[in-house]
Structure formats: structure tokens, C-alpha cells
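# Understanding the architecture of this molecule
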Amino acid sequence: MSIRARIHADNPILLDLWHRSVRATHDFLSEDDIAQLLPQVRDQYLDAVEVWVYEGLDGTLLGFIGLAGAQVEMLFLDPDWRGQGIGTRLLDHARELRGALTVDVNEQNPRAHGFYRRYGFAEVGRSPTDSQGRPFPLIHMALRGVG
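These remarks concern the structure in this document. Here the structure is a predicted model, which means the values were calculated and not measured. (Residues numbered from 1 in each chain as written. Predicted model: local features only at pLDDT ≥ 70, side-chain atom pairs only at ≥ 80, totals over all residues. Heavy atoms only, no water.)

### With respect to the sheet that holds strand β4 (residues 71-77)
- As summarised here, the arrangement of the seven strands in space is β1-β2-β3-β4-β5-β7-β6, forming an open sheet in which the pairing is mixed. The outermost strands of the open sheet, each flanked by one partner alone, are β1 (2-5) and β6 (121-127). Strand-to-strand, the axes of this sheet are offset by a mean angle of 30°, without reference to chain direction.
- Two strands pair when backbone bridges link them, and strand β5 (residues 102-106) and strand β7 (residues 138-143) are joined in this way by five bridges, in the antiparallel orientation. Along β7, the bridge assignment pairs aspartate 104 with histidine 140. (Pairing = 2+ DSSP bridges. Helix = DSSP H or I, 4+ residues; strand = E, 2+ residues; numbered from the N terminus. Axes fitted to C-alpha atoms, helices over the stretch in contact; angles between N-to-C directions.)

Right, dumping it as C-alpha cells:
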């Protein structure tokens, strides 16, 4: 298993992985919300950030992390591979690249919030809406003891 830089040809696979991951973890989003987000992820978000992919032994992409500087903009895993350490390895890789990291977590996603807390992130603020003004509060977090 390895972590490598995303190539453009990975995007359709990453979009499918994003879609399956969101459906498994973001139960606060309606089907309409997901349908509206999908083209944004496909056409904008994946190419707007530095993406690193986690590749299984057979070449299957099992997860990815997107960075904008030291900000973790996205971290999505194949739902069948959650709890296997892939998210931690991707964060370790990002930390090696950037040192101090920050992340915004949907308040309505307690599993993700707990994952980042266990990794060492601390809450540093909150926004009542997401970056697009939708009613999905964000918890702003920063990695403790780094930097």
C-alpha cells in the first residue's frame, strides 16, 4: 500500500469514492444536497487542491486527502475500508508535508469530529454555516503541539 500524488485520470475513481463515502458518513445531507455537491466536487474541488491518494496493494484507490496549503480540505475513504488506519496514514503524510494542519469538520458528522480529536486536533472555532452559507455548521480545528 502506498500514498502517491493524484493524477488527473484518478478523478472519476475519486469522485465515485467521494460519493460512496459521503453517503456512508454524511447522513445530515439529503440526496438533493449530494446531487448538488457532486458536480462541484467533479468540476472544481478535486482540481483546486493538492490531492494525495492511498493505493491498495492491487492498485485500488482506497482513500484520498486534499490540501490547500496546511488546510485539510477533504479526507474521504472507501466506506469498506474505514477503521483500517488509512485516514491516519493520509494525515501523517499531510503532516510530513506541511507540519501544522488545520481542518473544518461538519458539526453534524460526529465520527469525523472524533477522528480528528483522537489524532490530536483541537477545536479553535465554529461557524454556523458552511463555506457556501448552507445550514451545516463547521467546527474549525488545528493540530495541537505542532508548529
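### A short note on the packing of aromatic side chains
- Within the structure shown, the criterion is met by five aromatic pairs.
- Relative to phenylalanine 76, the ring of tryptophan 18 lies with its centre 6.4 Å away and its plane at 75°, an arrangement referred to as edge-to-face. Here the residue tryptophan 18 occupies a position in helix α1 (residues 11-25), and phenylalanine 76 occupies one in strand β4, the gap between them amounting to 58 residues. Accessibility assignment for this pair places tryptophan 18 and phenylalanine 76 in one class, buried.
- Seen from their ring centres, tyrosine 119 and phenylalanine 121 are 6.0 Å apart, and the 35° between their planes marks the pair as tilted.
- We classify tyrosine 119 as buried; its relative accessible area is 14%.
- Taken together, Phe115, Tyr116, Tyr119 and Phe121 form an aromatic cluster joined through their ring pairs. (Phe/Tyr/Trp six-rings, centres within 6.5 Å; stacked < 30°, edge-to-face > 60°. Buried < 20%, exposed > 50% of the residue type's maximum accessible area, 1.4 Å probe, protein only.)

### Observations concerning a nonpolar patch on the surface
- A surface patch of nonpolar side chains, amounting to about 350 Å² of accessible area, comprises Met1, Leu57 and Trp81.
- Within the element layout of this structure, tryptophan 81 appears in the loop between β4 and α3 (86-98). (Patch = residues over 30% accessible without salt bridge, like charges linked within 9 Å, V, L, I, M, F, W, Y side chains within 5 Å. Areas by Shrake-Rupley, 256 points an atom, 1.4 Å probe, with all protein chains shown as cover. Salt bridge = Lys/Arg side-chain N within 4 Å of Asp/Glu carboxyl O.)

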